[in-house]
Amino acid sequence: MNLVLLSGGSGKRLWPLSNDVRSKQFLKLLTDENGQRQSMVQRVFSQIEEVCPDSNIVVATSESQADPLRNQLGQGVELVLEPERRDTFPAIALACAYLESKKQLSRDEVVVVMPVDPYTELGFFRTFADMEKAVQSDCAELVLMGIRPAFASPKYGYMTYECDGDSFLTPSVPRKVTGFVEKPEPERAEKLIEEGAVWNSGVFAFRLGYVLDLVRAELPFDNYDELRRNYGKLTRTSFDYKVVEHAKSIAAVFFDGKWKDLGTWTTISDEMAAPALGNVIMDGCSGSFAVNDLGIPMVIIGVDNIVAAASHDGILISSIAASPRVKDHANEIAARPMQEEKRWGEYSVVDTAEYSDGMRSITKHMVINKGQAISYQMHSKRDELWSVTDGEGLLCIDGAYRIMRRGDSVTIARGSRHAVRALTKLHLIEVQLGSDLDESDIERFDFEMPYSAEGLQCE
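Conventions we followed
- Residues numbered from 1 in each chain as written.
- Predicted model: local features only at pLDDT ≥ 70, side-chain atom pairs only at ≥ 80, totals over all residues.
- Heavy atoms only, no water.
- Helix = DSSP H or I, 4+ residues; strand = E, 2+ residues; numbered from the N terminus.
- Rg over C-alpha atoms; globule rule 2.2 N^0.38 Å.
- Contact = heavy atoms within 4.5 Å.
- Buried < 20%, exposed > 50% of the residue type's maximum accessible area, 1.4 Å probe, protein only.
- Pairing = 2+ DSSP bridges.
- Core = buried A, V, L, I, M, F, W, Y, C linked by side-chain atoms within 4.5 Å.
- Axes fitted to C-alpha atoms, helices over the stretch in contact; angles between N-to-C directions.
- Patch = residues over 30% accessible without salt bridge, like charges linked within 9 Å, V, L, I, M, F, W, Y side chains within 5 Å.
- Areas by Shrake-Rupley, 256 points an atom, 1.4 Å probe, with all protein chains shown as cover.
- Salt bridge = Lys/Arg side-chain N within 4 Å of Asp/Glu carboxyl O.
- Lys, Arg positive; Asp, Glu negative; His and termini not counted.
- Charge placed at Lys NZ, Arg CZ, Asp CG, Glu CD.
- Parallel < 35°, antiparallel > 145°, perpendicular 65-115°, else oblique.
- Left-handed = near helix turned anticlockwise from the far one by under 90°.
- Nonpolar A, V, L, I, M, F, W, Y, C, P; charged D, E, K, R; others polar.
- Phe/Tyr/Trp six-rings, centres within 6.5 Å; stacked < 30°, edge-to-face > 60°.
- Lys NZ or Arg CZ within 6 Å of the ring centre and 35° of its normal.

Engineer: So what's going on with the overall build of the protein chain? Residues and values would help.
Structural biologist: Broken down by element type, the protein chain carries ten helices and 30 strands. Taken over C-alpha atoms, the radius of gyration comes to 25 Å for the protein chain, in line with the 23 Å a tight globule of 459 residues would show. Taking the principal axes of the C-alpha coordinates as reference, the protein chain spans close to 75 × 60 × 40 Å. Counted over contacts in the protein chain with a minimum sequence separation of 6, partners at least 24 positions apart contribute 66%.

Listed below in structure tokens is the structure:
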């Protein structure tokens, strides 16, 4: 089975844990079967591996999400990186070109496309096999997955279809789709459900050649690399608007089980294994929950039905009912993201300061995973001070190597080329000093850091 997973969004609805570079699907707010915290994307991948272990999976995403995806799913995860964000139609088009050019798939191969972050159960993924069979039977150009509604929600899109009243007694039988209603008012949603409508899950299945022909009709191309170079010429629009609304024939198969979008603090709270995550003490609170990503303690006493969330990006205190409004206020905050996952690990900004002479400082806590390395790089406008608080790493400055361990410090002057590889999990404090501390002040060089100190002359 060929799966394309769409990973996008900035996740402002879950501020302060999410930000412009840390989307909701990467937040470790869920718990796996071993009691370990996991993210939405990690949960989905583990479910796919259990149900569809031999699937050919690629993730269509932006450059900004490449590092957290590799960090959470492993360096071997196959990514199709958009040169710029242009909505779901261009993203799916680029992924299909990748499958044709790089994976050498034939036009008749069936492709299933889905969002990367639904909260659902294993039966959802088993339904992919029904979608694949429906496409292979040529019952329609597109086959979608309908979800039996659990309640009348104005947040989801709805599908109507031809039925005999027994659709969910035979969920694997494809039905012709007759119409769509996008995010109706509550009263309209109630009526749609009474008439048998289903939620539109946002999962599509089709033959590869079907979508490639539509893309080439808009922008002719020979291969993936050519389409990527001309990506900005594709219409910035959704797959629903560009393809689904104009398809000559659409069918749906159905899933009757748990499925929801964990897109707000309200929905997240329903699926958290405990009412508090992190360094939190709750006393006499009913219906409240809290997440604390800071090292300092959070104490909540005698407050009902609230959400409290704290990170280096900020602190949220809200009634659960009002918490969806956080996105409006988060958009007003112009501060840089204070937490980010990288391909080598993660960092948090723990302090920023500006001094009377115009000098500024940014202090980061960096965690570099064992075996991973920061690229060989140089900064023109800042000096850096590195202090190791735990672990062991191999440092290179202008071609000279040294081992760094807990308690070691080094000053890296602007203009110096430098990199570090973690020989064990490495914790270090980085202090940036300069009058202009811009994340774009970085020049990277083609250089592979050694994986050990063996054979090297170290200071």
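Engineer: Outline the pairing of strand 11 (residues 198–207), listing residues and values.
Structural biologist: Of all ten residues that make up strand 11, eight are buried, and the element is covered over most of its length. Looking at chain direction, strand 6 (residues 110–115) and strand 11 are connected through four bridges and run antiparallel. Bridging across to strand 11, Val 113 finds its partner in Phe 204. As defined by bridge partners, strand 8 (residues 142–147) adjoins strand 11 across four bridges and the pair is classed as antiparallel. Within strand 11, the position partnered with Val 143 by the bridge is Ala 205. As judged from the two bridges shared by strand 9 (residues 157–161) and strand 11, these two strands associate in the antiparallel manner.

Engineer: Quick rundown of helix 2 (residues 66–73)? Include the residues and the values.
Structural biologist: Each α-helix turn comprises 3.6 residues. Residues three or four places apart therefore point the same way. Looking only at helix 2, the buried set comprises Ala 66, Asp 67, Pro 68, Leu 69 and Gln 72. As for helix 2, its buried residues are in contact with helix 1 (40–51), strand 4 (56–62), strand 5 (79–82) and strand 20 (339–342). Positive backbone phi, at 105°, marks Gly 74, one or two positions downstream of helix 2.

Engineer: So what's going on with the nonpolar core? Which residues, and what values?
Structural biologist: If you look at the biggest cluster of nonpolar residues, it comprises 44 residues, and the most contacted ones within it are Val 4, Leu 142, Phe 206 and Phe 239. Top element by residues in this core is helix 3 (residues 88–101). It accounts for ten residues. With residues near it in sequence (within four places) discarded, Val 4 still touches Val 58, Ala 60, Ala 95, Leu 99, Val 111, Val 112, Val 113 and Met 114. Among the nonpolar cores identified, the runner-up in size contains 41 residues, and Leu 3, Val 41, Val 110 and Leu 192 belong to it.

Engineer: How would you sum up the sheet that holds strand 18 (residues 306–311)? Please name residues and give values.
Structural biologist: If you walk across this open sheet you meet the four strands as 14-16-18-19, and the pairing is mixed. Of all strands in the sheet, those bounded by a partner on one side alone are strand 14 (276–278) and strand 19 (314–319). Strand-to-strand twist of the sheet, defined as the mean angle between neighbouring strand axes without regard to direction, takes the value 5°. In the sheet, strand 14 pairs with strand 16 (residues 289–292) via three bridges, with the strands oriented parallel. Each bridged residue has a counterpart across the sheet, and for Ala 276 the counterpart in strand 16 is Ala 290.

Engineer: Now, about a nonpolar patch on the surface: what can you tell me, with residues and values included?
Structural biologist: Together, Ile 281, Val 299 and Ile 301 give the surface a local cluster of nonpolar side chains, amounting to about 300 Å² of exposed area. A relative accessible area of 58% places Ile 301 in the exposed class.

Engineer: Residue-level account of the sheet that holds strand 23 (residues 373–378), with values.
Structural biologist: Judged by pairing direction, the sheet is antiparallel, and its five strands sit side by side in the order 26-25-28-23-30 without closing on themselves. This sheet does not close on itself; its edge strands, each paired only once, are strand 26 (400–405) and strand 30 (443–444). Sheet analysis places strand 23 next to strand 28 (residues 418–422), joined by three bridges and oriented antiparallel. In the sheet register, Gln 377 faces strand 28, and the bridge partner there is His 418.

Engineer: An account of a negative patch on the surface is requested, with residue identities and associated values reported.
Structural biologist: A contiguous patch of negative charge, built from Glu 185, Glu 187, Glu 190 and Glu 194, is present on the exposed surface. A relative accessible area of 67% means that Glu 194 is categorised as exposed.

Engineer: Residue-level account of the packing of helix 1 against helix 4 (residues 122–136), with values.
Structural biologist: It is at 9 Å that the axes of helix 1 and helix 4 come closest, and there the two elements cross at 55°. By the angle between their axes, helix 1 is oblique relative to helix 4. In terms of crossing hand, the pair formed by helix 1 and helix 4 is right-handed. Contacts from Val 44, Gln 47, Ile 48, Glu 50 and Val 51 of helix 1 reach helix 4 at Leu 122, Phe 125 and Arg 126. Class assignment of the residues belonging to the contact of helix 1 with helix 4 gives a composition of five nonpolar, one polar and two charged.

Engineer: Explain the packing of helix 1 against helix 2 residue by residue, including any values.
Structural biologist: Look at helix 1 against helix 2: their axes get within 10 Å of each other, and the N-to-C directions meet at 55°. Judged by the inter-axis angle, helix 1 sits oblique to helix 2. Taken as a pair, helix 1 and helix 2 cross one another with a handedness that is right-handed. Between helix 1 and helix 2, the contacting residues are Val 41, Gln 42 and Phe 45 on the first element and Leu 69, Gln 72 and Leu 73 on the second.

Engineer: So what about unusual backbone geometry? Which residues, and what values?
Structural biologist: Omega for the peptide link from Trp 15 to Pro 16 comes to 10°, which places this bond in the cis form. Phi is positive for Gln 104, close to 60°, though the residue is something other than glycine. With respect to the helices and strands, the residue Gln 104 is situated in the loop between helix 3 and strand 6. Here Asp 138, not a glycine, exhibits a phi torsion of approximately 60°, which is positive. By the secondary structure assignment, Asp 138 is in the loop between helix 4 and strand 8.

Engineer: Explain the pattern of salt bridges residue by residue, including any values.
Structural biologist: All told, the structure shown has 28 salt bridges when counted by the stated rule. A salt bridge links Asp 261 to Arg 13; the nearest nitrogen and oxygen atoms lie 3.9 Å apart. Of this pair, Asp 261 sits in strand 13 (residues 259–261) while Arg 13 sits in the loop between strand 1 (2–6) and strand 2 (30–31), placing them 248 residues apart in sequence. On the basis of relative accessible area, Asp 261 is assigned to the partly exposed category, the value being 25%. You can call Arg 13 partly exposed: its relative accessible area is 32%.

Engineer: Explain the packing of aromatic side chains residue by residue, including any values.
Structural biologist: Enumeration according to the criterion identifies 15 aromatic pairs in this entry. Residues Tyr 156 and Trp 259 carry aromatic rings whose centres are separated by 5.0 Å and whose planes lie at 55° to one another, so their mutual orientation is tilted. One end of the pair, Tyr 156, is in the loop between strand 8 and strand 9; the other, Trp 259, is in strand 13, and 103 residues separate them in sequence. The pair Tyr 156 / Trp 259 is uniform in exposure class, with both members buried. With centroids separated by 6.2 Å and ring planes inclined at 45°, the aromatic side chains of Trp 265 and Phe 289 adopt a geometry described as tilted. Of this pair, Trp 265 sits in helix 9 (residues 265–271) while Phe 289 sits in strand 16, and the two are 24 residues apart along the sequence. Exposure class is identical for Trp 265 and Phe 289. Each is buried. Aromatic ring contacts, followed pair by pair, group Phe 124, Phe 125, Phe 128 and Phe 255 into a single cluster. Its guanidinium or amino end placed over the ring of Tyr 347, Lys 364 lies 4.1 Å from that ring's centre, counting from NZ or CZ. For the cation-ring pair, Arg 421 lies above Tyr 451, with the distance from its terminal atom to the ring centre recorded as 3.7 Å.

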